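Secondary and tertiary structure notes
Chain by chain, the residues:
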Amino acid sequence: PDSKILVSACLMGKPVRYDGRYASQGTEKLHLLQKQGRMVLLCPEVAGGLPTPRSPAERISDRIQDQTGKDFTDAFIRGAEKALTMCQDHNIKIAILKEGSPSCGSDFIYDGSFTGTKINGSGIVTDLLRANGVSVFSEHSIKYALDLANR
Ligand code: SF4
């Protein structure tokens, strides 16, 4: 019950998204988790060395590119590795990450055409964490993730 959870920084009001904004100010459940000192916040893209704001990027197979074809894969991978290290350092087994992101998405991402087209898939942070035994959920499954963490 005192286990820590990794949370996407943009879900807690941190203006770290590509557009310099945040996705959400956090739900009551997440604020409680934070008050209990069980939340570890991270933006993997910023941790990987990318600036804010930055070009919107999408995942195409194992590469991450912006609309002009510029490749950001290395920075995204660095960010994913930082996220994994953070999980290992804090013995984190559960993460709540922002849906749809090429880093943090867990059920869907955008298809690489920059037309807002969603496809089933996940981001590269999610893939690396899942491959290393961390269960990753989106902001749409917070209750489920917390129930699992509190077992
Ligand atoms: Fe949010 Fe993840 Fe994108 Fe950072 S990389 S802005 S935490 S979705």
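Preceding block: the structure.
Residues numbered from 1 in each chain as written. Predicted model: local features only at pLDDT ≥ 70, side-chain atom pairs only at ≥ 80, totals over all residues.

**Overview of the environment of Ile 124**
Secondary-structure assignment places Ile 124 in helix α4 (residues 124-131). C-alpha of Ile 124 to C-alpha of Ile 109: the two residues are 15 residues apart in sequence and 10 Å apart in space. Not counting the four nearest positions on each side in its chain, Ile 124 is found in contact with Arg 59, Phe 76, Ile 77, Ala 80, Pro 102 and Ser 103. (Helix = DSSP H or I, 4+ residues; strand = E, 2+ residues; numbered from the N terminus. Contact = placed C-beta atoms within 7 Å.)

**A few points about the site of the ligand**
Around the ligand, the surrounding shell consists of Ser 8, Ala 9, Cys 10, Val 16, Arg 17, Cys 43, Pro 44, Glu 45, Lys 98, Ser 101, Ser 103 and Cys 104. Class assignment of the residues belonging to the shell around the ligand gives a composition of six nonpolar, three polar and three charged. (Near = placed C-beta within 6 Å. Nonpolar A, V, L, I, M, F, W, Y, C, P; charged D, E, K, R; others polar.)

**Structural notes on the sheet that holds strand β2 (residues 39-42)**
Consider a sheet: its strands pair through backbone hydrogen bonds, and that pairing is either parallel or antiparallel. Spatial ordering of the open sheet is given by β2-β1-β5-β8, a layout of four strands whose pairing is parallel. The open sheet has two edge strands with one neighbour each: β2 and β8 (135-138). Each neighbouring strand pair of the sheet contributes to a mean axis angle of 25°, computed without reference to strand direction. (Pairing = 2+ DSSP bridges. Axes fitted to C-alpha atoms, helices over the stretch in contact; angles between N-to-C directions.)

**A closer look at helix α5 (residues 142-149)**
Every buried residue belonging to α5 is among Ile 142, Ala 145 and Ala 149, and all of these are buried. Buried residues of α5, viewed axially, fall in a sector of 65°; they line one side. Exposed side of α5, more than 90 degrees from the buried face: Lys 143 and Asp 147 are the residues found there. As for α5, its buried residues are in contact with β1 (5-8), α1 (28-35), β5 (94-97) and β8. (Buried ≥ 20, exposed ≤ 12 C-beta atoms within 10 Å, placed from the backbone. Arc of directions from axis to C-beta.)

**Considering the pairing of strand β4 (residues 63-66)**
As paired strands, strand β3 (residues 57-60) and β4 are joined by four bridges and run antiparallel to one another. Note on β4: the bridge partner recorded for Glu 58 is Gln 65.

**Re the nonpolar core**
Core analysis: the largest hydrophobic core is formed by 39 residues, its most contacted members being Ile 5, Leu 6, Ala 95, Ile 96, Val 125 and Leu 129. When contributions to this core are tallied by element, the ones reaching two or more residues are β1, α1, α3 (73-89), β5, α4, β8 and α5. A total of five residues in this core trace back to one element, the largest contributor, which is α3. Setting aside chain neighbours within four positions, we find Leu 129 in contact with Ala 83, Leu 84, Cys 87, Ala 95, Val 134 and Val 136. (Core = buried A, V, L, I, M, F, W, Y, C linked by C-beta atoms within 7 Å.)

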